Structures are given as C-alpha cells and as structure tokens.
Amino acid sequence: MGSSDSSPTAAWLADFYRDLHAHPELSFDETRTAGRIAERLVELGIDATAGVGRTGVVGMIRNGDGPTVLLRADMDALPVEEQTGLPYASTVRATGPGGEEVPVAHACGHDMHVTCLLGALEVLMRDKDSWQGTVMAVFQPAEEVGSGARAMIDDGLFERFGTPDVVLGQHVGPLPAGMLAAHPGVALAGADSLRVRLHGTGSHGSMPERSVDPVVMAAATVMRLQTVVSRTVAATDTVVLTVGSIRAGTKANVIPDHAELQLNVRTYAPDVRTRVLDSISRIVEAEAQASDAPRKPEISPIDSFPVTVNDDAAVARTVAALRKRFGDTNVVDPGPAPASEDVGDFATASGAPLCFWFFGGADPDVFTRAAASGTAPDLPPNHSPRYAPVIEPTITTGVAALVTAAREWLN
Ligand code: ZN
Ligand code: ZN
C-alpha cells in the first residue's frame, strides 16, 4: 500500500504516549490530558473544542462535501497501583470518588487510544487532497464509569458538531501487537453495577435474639443470588453475576445494624437483563423479609453500560478495508467478549452504525514462545496492575487501523 497511512509513525507519538502514561487521571478528572490533546490539535491545525461533557474534547476536520466519520478515543485511567516496572510507570495518587486517596494508572490502555487517534488525525490532515468529508474526533471522558459518552451527548455533541454517518472506535487488548479483531452484532456485554443496603437491628454479640442480624441476611442473600444464573437463566443465555464487595460490622462482639453488598451483572440481551435485575430485587427483598428486617433494603445503581452492538454491514465494510491493509490473517473475529463499553451510546444516540474493534497491545514474542512451549501466553489483562501495551508495533497499528477505517468511509 503506497499511501501515507503506511508511512512510519511520527516520532512524537511515543513520547506523547509515555507522557500520558505517566500522568493518568480518573474519570471526569482528565483536565491535563484534555489540555494536552487540545494543544496538539491546535498544533496540527485542527479546530478544537474543550469542555464538551465536562472534560471531553472534540476535534473537527471539515474537508468539503462528504460523509461525517466519528472517531472515538476514551481518556480516563483507573484507581489501580501500577506494577509494570516500566521507566514511565505512573506513581500518581489522586482523590477517589469517595474522598479517599487512591493510586491511579492507565491500566486499561486509554492513553494508547488517545495517542493513536492523534496520530491518525495528523495523517488525515497531511493527506487532505485524497479524501473528502468531515472527521469528528471525539476524546471522551469517563468511559470507566460508563457515563462519559452520555455526558458529551447530553452537552449537545451532535447539535453542535453534526451527526455522524458512522461511529468508529478501537480498544487495545490482549492480542499480539499488529493484530486486529472485530465481531459483528453483539460484541460486548452490557454491565450493571448495583449497591444493596440491607437494614437490620444492632445488638450485643451475646444477645442475637435482640437483633436482626444483617450479616446473616447478607450471607443468605449472596448464596441465594448464586441461583439466578444457575436456575433462572437459560443455558443458551450468557450472564455473569458477581458480588464483588460485602461489608458489615466493626467488631466480633457487636451485631451491626446494616450491611452493604456491591453487585456486578453482565448480560447480552435486554430481556435477559430485565429478568436478572428483577430476580435480584426479588431475592434481596425476600431475604430481608425472611430475616424480619425493620426496613426494606435499598438497591441503587452504581453504573450501567449498554450492550455494545456492532452494525453487521459496517463491520463487514470496515473489516474488508482492514484486511486489505493488514492481511487476512491479521484481522480476526474474536466472538463476543464479556467486557463492557459506552462507545455504543454515540451510535444509539445519533442513529449511526457502529464499528468497534480491538487492536493488539501484547508483545508478539510472548505468543511465539507460548506456542512453542504449548502453554497459554502469560499476559496480564486490561485493568491488571501489571497491564501495559508494548509501544511498538501497537501505536503504528492503532494509527493505521484508524486511518484505514476512516478513509474507507470518507472516500
Ligand atoms: Zn477499562
Ligand atoms: Zn478501556
């Protein structure tokens, strides 16, 4: 392919990436990141608007008549203590949503997404004679809490910048760097996190007859919740229900007056999601009643991610272009994944088709060695304290994938 999308990646990108990696910011706190992005957009000669949906940034390249292509990158990091040992590893600490101090790291690779999108915009700017239309670059806050895309849409993203004809986005994942993966249809699970507060009556540890013990209530609830997936969901439907947090009490001889659970639910179909959420409410309330709780329990949402549905035709068209550029064997269909994303909100809210793919960030040598020894590759997944993509060929691949996909829709 003689076109400029295969030219070597600009040297500034690796430095830019290392800088972002060393300066991660939590969801809706991405002010430094947004500032660096806006600054870079202006240097590239691209119209930049900051503060869209709190910390979001929009870059617009208007290049004559033609389709509008939305390219999306998310910016936020996670409350994770980085243990990669990299020279540019994060040592940042920040105030978490609960007011507590937390470590912060780019453990999901969103710094790579930002870098690759800026690299792609540079290529598209340099090469404006060979395409026509509008590129809407969306740097989204707060993907990790599932509300950043919604915040930008609610702040008038489409009214202010136009409605896209297609939404394209990518996520770095545990594939060998240089490889891409896209799945048509339902590609990622929907996720709901819930907080359950169970009310009991406190007492002395020696006088349980005077209490309604919320610890026993919580334990019974957790056990009964295990029947949702095993007894109320069909074998052909995939659901995950995890109780990730259980808290009650402070001392061995005090029966506390409340307990709190945090639940995470993953589903792939709206009717299954409704059935599972209804089952959770029923079980939580019935276990409280069975314990003779003085008050009804409270169930409140923590966050919610939609099911990510890739448009079949948009994936077919984009994947064909990616295969032409990267070779058939380097673009695979990974099937649906249990992870979750809010990129689908841009497609749902604008009515445009979505094509969201993964690009590899893992050292290809790890796969070669694992294949040679007949073992599974030892790779920390996204969100692990040890997770970080290799810089190359990850950046080059991520930039070229975005440019190739964008051009396919712009031409
Ligand atoms: Zn993540
Ligand atoms: Zn992510």
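The structure presented is a predicted model; accordingly, all values stated were derived computationally and were not measured. (Residues numbered from 1 in each chain as written. Chains lettered and ligands numbered in written order. Predicted model: local features only at pLDDT ≥ 70, side-chain atom pairs only at ≥ 80, totals over all residues. Heavy atoms only, no water.)

Looking now at the coordination of the zinc ion (ligand 1). Donor atoms from the polypeptide that bind the zinc ion (ligand 1) are Cys108 (SG), Glu144 (OE), Glu144 (OE) and His383 (NE2), placed at 2.0 to 2.7 Å. Taken together, the four donor atoms coordinating the zinc ion (ligand 1) and their angles of 52 to 149° define a geometry best described as irregular. Site description for the zinc ion (ligand 1): donor spacing in sequence, C-x35-E-x238-H. A separation of 3.1 Å is found between the zinc ion (ligand 1) and the zinc ion (ligand 2), both of which receive a donor from Cys108. With Glu144 in the loop between β6 (133-140) and α4 (148-154) and His383 in the loop between α10 (364-373) and α11 (394-410), the pair connects residues that are 239 residues apart, well separated along the chain. For His383, a relative accessible area of 39% translates into the label partly exposed. (Donors = N, O, S within 2.8 Å, 3.2 Å for Na, K, Ca; no water. Tetrahedral: all angles 85-135°; square planar, octahedral: opposite > 155°, others 65-115°. Helix = DSSP H or I, 4+ residues; strand = E, 2+ residues; numbered from the N terminus. Buried < 20%, exposed > 50% of the residue type's maximum accessible area, 1.4 Å probe, protein only.)

Here we take up the pattern of salt bridges. Here the structure, examined in full by the defined rule, presents 19 salt bridges. Between Arg62 and Asp47 there is a salt bridge whose closest N-O contact spans 3.4 Å. Pair noted here: Arg62 is in strand β2 (residues 56-63) and Asp47 is in strand β1 (residues 47-52), with a separation of 15 residues, a long-range link. Its relative accessible area of 49% is what places Arg62 among the partly exposed residues. Taking relative accessible area as the criterion, Asp47 reaches 48% and is therefore assigned partly exposed. For Arg72, the salt bridge is made with Asp342, and the minimal N-O distance between the two is 3.1 Å. Taken together, the residues Arg72 in strand β3 (residues 68-74) and Asp342 in the loop between β17 (331-332) and α9 (344-350) connect sequence positions 270 residues apart. With respect to class, Arg72 is no different from Asp342; both count as buried. When salt bridges that share partners are traced, they join Asp19, Arg32, Arg36 and Glu39 into one network. (Salt bridge = Lys/Arg side-chain N within 4 Å of Asp/Glu carboxyl O.)

Time to look at the domain arrangement of the protein. Parsing the protein into structural domains produces domain 1 (3-187 + 307-409) and domain 2 (190-304). If you average the C-alpha positions of domain 1 and of domain 2, the two centres end up 36 Å apart. Taken together, the contact between domain 1 and domain 2 spans nine residues of the former and seven residues of the latter. Taken as a group, Val307, Pro338 and Ser340 account for 57% of the area that domain 1 buries against domain 2, more than any other trio of residues on that side. On the surface where domain 1 and domain 2 come into contact, there are zero salt bridges. At the junction of domain 1 with domain 2, the criterion picks out three residue pairs in polar contact (both at pLDDT 80 or more). Classifying every residue of the side of domain 1 that touches domain 2 by side-chain character gives seven nonpolar, two polar and no charged. (Domains from an automatic or database assignment. Contact = heavy atoms within 4.5 Å. Buried area = accessible area lost by both parts, 1.4 Å probe. Polar contact = N/O pair within 3.5 Å; in protein donor to acceptor, adjacent residues only side chain to side chain. Nonpolar A, V, L, I, M, F, W, Y, C, P; charged D, E, K, R; others polar.)

So, about the environment of Val166. Within the fold, Val166 resides in strand β7 (residues 166-176). For Val166, the residues in contact, after removing those within four places along its chain, are Thr68, Val69, Leu70, Ala352, Pro353 and Trp409.

A cis amide bond links Glu392 to the next residue, Pro393, at an omega of 10°. The residue Pro393 is located in the loop between α10 and α11 in this model. Unlike most non-glycine residues, Arg54 shows phi in positive territory, near 70°. On the secondary structure map, Arg54 appears in the loop between β1 and β2.

Here we come to the packing of helix α8 (residues 312-326) against α11. Where α8 meets α11, the closest approach of the two axes is 9 Å, and the angle between their N-to-C directions is 125°. Of the possible angle classes, the one that applies to α8 and α11 is oblique. Judged by the twist between their axes, the crossing of α8 over α11 is right-handed. Packed against α8, whose contacting residues are Ala314, Arg317, Thr318, Ala321, Leu322, Arg325 and Phe326, the element α11 presents Thr397, Ala400, Ala401, Thr404, Ala405, Glu408 and Trp409 at the interface. Classifying every residue of the contact of α8 with α11 by side-chain character gives eight nonpolar, three polar and three charged. (Axes fitted to C-alpha atoms, helices over the stretch in contact; angles between N-to-C directions. Parallel < 35°, antiparallel > 145°, perpendicular 65-115°, else oblique. Left-handed = near helix turned anticlockwise from the far one by under 90°.)

This part covers the environment of Leu78. Relative to the elements of secondary structure, Leu78 occurs in the loop between β3 and β4 (93-95). The class of Leu78 is buried, set by a relative accessible area of 9%. Sequence separation of Leu78 and Asn411 is 333 residues, and the distance between their C-alpha atoms is 37 Å. Every residue in contact with Leu78, bar those within four places of it in the chain, is listed here: Leu26, Pro103, Val104, Ala105, Ala107, Cys108, Glu144 and His383.

Residues Leu71, Leu118, Leu121, Phe139, Leu168 and Trp357 are the most contacted members of the largest nonpolar core, which totals 59 residues. Once residues within four sequence positions are removed from consideration, Leu121 is found in contact with Leu41, Ile46, Ile61, Val135, Ala137 and Phe139. Counting residues in each nonpolar core, the second largest holds 24 residues, with Leu194, Val222, Val228 and Leu263 among its members. (Core = buried A, V, L, I, M, F, W, Y, C linked by side-chain atoms within 4.5 Å.)

A word on the sheet that holds strand β10 (residues 190-199). Spatial ordering of the open sheet is given by β12-β14-β10-β15, a layout of four strands whose pairing is antiparallel. The strands lining the two open edges of the sheet, one partner per strand, are β12 (239-248) and β15 (298-305). Each strand axis lies, on average, 15° off the axis of its neighbour in the sheet, ignoring direction. Two elements, β12 and strand β14 (residues 258-267), share nine bridges in a ladder whose sense is antiparallel. Bridge pairing in β14 places Val240 opposite Arg266. Of the strands in this sheet, β10, β12 and β14 are in contact with helix α6 (residues 214-232), which crosses β12 at around 175°. Contacts between helix α7 (residues 270-290) and the sheet are confined to β10, β12, β14 and β15, with β14 contributing the most and set at about 165° to the helix. (Pairing = 2+ DSSP bridges.)

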